[in-house]
Amino acid sequence: MTAFDPHTPLYLGLMSGTSADGIDAALVQFPAEGGCRFIDGLTHEWAATTRAELVALGEGGELGSLDTLGRIDAQIGISFAAAANRLLAQAGVAPAQVRAIGSHGQTVRHRPLADPAFTCQLGDANRIAELTGITTVADFRRRDVAAGGHGAPLMPAFHLAMLGTADEDRAVLNLGGIANLTLIPREGTPRGFDTGPANALMDAWCERHTGTPFDADGAFAASGAYDEALLARWRAEPWFALPPPKSTGREQFHLEWAEAALGDQHRAAADVQATLLELTATTVADALLAHLPGAKRVLVCGGGVRNSQLLRRLGARLPGVVIESSAVHGLDPDYLEAMGFAWLAQRTLDGLPGNLPSVTGARGPRILGAIHLA
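Residues numbered from 1 in each chain as written. Predicted model: local features only at pLDDT ≥ 70, side-chain atom pairs only at ≥ 80, totals over all residues. Heavy atoms only, no water.

Once that is clear, we can look at the pattern of salt bridges. A side chain with one charge can pair with a side chain of the opposite charge if their charged atoms come near. Inspection of the entire model under this criterion finds 15 salt bridges. Here R313 and E278 are joined by a salt bridge, their closest N and O atoms 2.8 Å apart. Of this pair, R313 sits in helix α11 (residues 308-317) while E278 sits in helix α10 (residues 269-291), and the two are 35 residues apart along the sequence. Between R306 and D334 there is a salt bridge, and its shortest N-O distance comes to 2.1 Å. (Salt bridge = Lys/Arg side-chain N within 4 Å of Asp/Glu carboxyl O. Helix = DSSP H or I, 4+ residues; strand = E, 2+ residues; numbered from the N terminus.)

Shown next, in the form of structure tokens:
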């Protein structure tokens, strides 16, 4: 835990991503001189039954009834509040000391190309405000979608504010369940978009074949060899050829999608894992070279930062580019997205826009989120 300035407001960010591997909670401050001061953080595990429901919904599973929707929405809100309260207890911070919580919720469906477009994040913010006693800002994505955008990714605005520089072309790479890039050129307009699958597919394959929920340090993938023919089939997916703005999720990239390309040919499970890892590295590299070929540095955050095999393969695809953790620049890679939603909560309360139209495709800047007063 880092000491905090008692004269600067505290914010708490809550984030559960595509992998649904836990709720990240981060307690932060935004000093007047700029930057983000990380005070404390933790990851609150989902109950196994809840996580199974969330993964199934994210992959396109149907809700049995409105009763089921209401129950899951309430349960997610209760779980988010529990994560926030655990963090406050751990940090020794009273709820009255926190100006606001920024809650991303849990994405269960994302259809930015539907007619009409929509995105759905569950996690009743009324519950969070009630159970924590803290004003809660939530539902950040739907205003951008209503304005013609994808509602995602939203972190590029935070990346730009915290990691932008006039010294070099650089990118920020979030390796969560889905991979996304923020492109920050020295001159010109910043952009950001999803590049394709990352941990969600690798975790699912690893769990099915090893019984462990993720491939620690990429060891399972490193024990195999990637298959060029299989990689080519996956890369032929039309989504990869779409121009930005674009975003995606489990509803597009799930095990059934991956297995459709396997055919009848037997492949060792480790070889498939190695190919899934190579798919992530390749699609990230393809996107960077296509849209910011002069990038000199890639700052990595998200769970994939701990997968050294993935970072090695990404480096092989991007010779001459420095690939390093966002920690080198003062932002904890494990909690960067939670920190970002705390920042978005501050923006909302201050009446400032939180989206970047050059990223999402929205018709203009918008103040994001709904405010639930304590």
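Picking up where we left off.
Take the sheet that holds strand β4 (residues 98-103) next. The strand order across the open sheet formed by six strands is β3-β2-β1-β4-β7-β13, and the pairing between neighbours is mixed. Only two strands of the sheet have a single partner each, and these edge strands are β3 (37-44) and β13 (370-372). If you compare each strand with its neighbour and ignore which way they point, the axes differ by 20° on average. Helix α2 (residues 66-91) contacts β1 (10-15), β2 (23-29), β3 and β4 of the sheet and is inclined by roughly 130° relative to β3. The strands touched by helix α3 (residues 125-132) within the sheet are β1, β4, β7 (136-138) and β13, with β7 carrying the most contacts at an inclination of about 165°. (Pairing = 2+ DSSP bridges. Axes fitted to C-alpha atoms, helices over the stretch in contact; angles between N-to-C directions. Contact = heavy atoms within 4.5 Å.)

Moving on, we get to the environment of A129. Within the fold, A129 resides in helix α3. Between the alpha carbons of A129 and L10 there is a distance of 16 Å; along the sequence they are 119 residues apart. Beyond its immediate sequence surroundings of up to four residues, A129 is in contact with I134, T136, H372 and L373.

Most peptide bonds are trans, and most residues other than glycine sit at a negative phi. For the bond running from D115 to P116, omega is 0°, close enough to zero to count as cis. Residue placement: P116 occurs in the loop between β5 (106-111) and β6 (118-122). One non-glycine residue, D139, lies in the positive phi region at around 60°. Structurally, D139 is set in the loop between β7 and α4 (142-146). Even without a glycine there, the phi angle at D217 is positive, about 60°. As for its position among the elements, D217 is in the loop between α6 (199-210) and α7 (219-222). When its relative accessible area of 42% is taken as the criterion, D217 is described as partly exposed. (Buried < 20%, exposed > 50% of the residue type's maximum accessible area, 1.4 Å probe, protein only.)

Below, the discussion takes up the pairing of strand β11 (residues 297-301). Burial of β11 is extensive: four of the five residues sit out of reach of the surface. Bridge count between strand β8 (residues 170-175) and β11: five bridges; the pairing is parallel. What sits directly across from L173, in β11, is V300. Looking at chain direction, β11 and strand β12 (residues 322-325) are connected through four bridges and run parallel. By the bridge assignment for β12, L299 is matched with E324. With α11 bridging β11 and its parallel neighbour β12, the resulting β-α-β unit is right-handed. (Right-handed = clockwise from strand over helix to strand, strands pointing away.)

Within the fold, N174 resides in strand β8. Setting aside chain neighbours within four positions, we find N174 in contact with A179, N180, C301, G302 and E337.

Axis angle and axis distance: for two packed helices, these are the angle between their axes and the distance between the axes, and together they describe the pair. Viewed as axis vectors pointing N to C, helix α5 (residues 155-163) and helix α12 (residues 336-349) meet at an angle of 90°, and their least axial separation amounts to 9 Å. When the axis of α5 is compared with that of α12, the two are roughly perpendicular. Along the contact surface, α5 presents M155, A157, F158, H159, A161 and M162, while α12 presents L336, E337, M339, G340, F341, W343 and L344. Taken together, the residues that form the contact of α5 with α12 break down as 10 nonpolar, two polar and one charged. (Parallel < 35°, antiparallel > 145°, perpendicular 65-115°, else oblique. Nonpolar A, V, L, I, M, F, W, Y, C, P; charged D, E, K, R; others polar.)

Of all the positions in helix α8 (residues 228-235), only L230, L231 and W234 are classed as buried. Each buried residue of α8 sits inside an arc of 100° when the element is viewed along its axis, so together they form one side. Residues of α8 that are buried make contact with α9 (255-260), α10 and α11. The distance from a side-chain oxygen at the start of α8 to the backbone nitrogen of A229 is 2.9 Å, and the residue carrying that oxygen is D227. (Arc of directions from axis to C-beta. Polar contact = N/O pair within 3.5 Å; in protein donor to acceptor, adjacent residues only side chain to side chain.)

Sheet architecture is open: five strands sit in the order β10-β9-β8-β11-β12, paired in mixed fashion. Looking along the sheet, the strands with just one partner apiece sit at the ends: β10 (191-197) and β12. Between one strand axis and the next, the sheet turns through 25° on average, direction left out of account. The strands touched by α10 within the sheet are β8, β9 (178-184), β10 and β11, with β10 carrying the most contacts at an inclination of about 155°.

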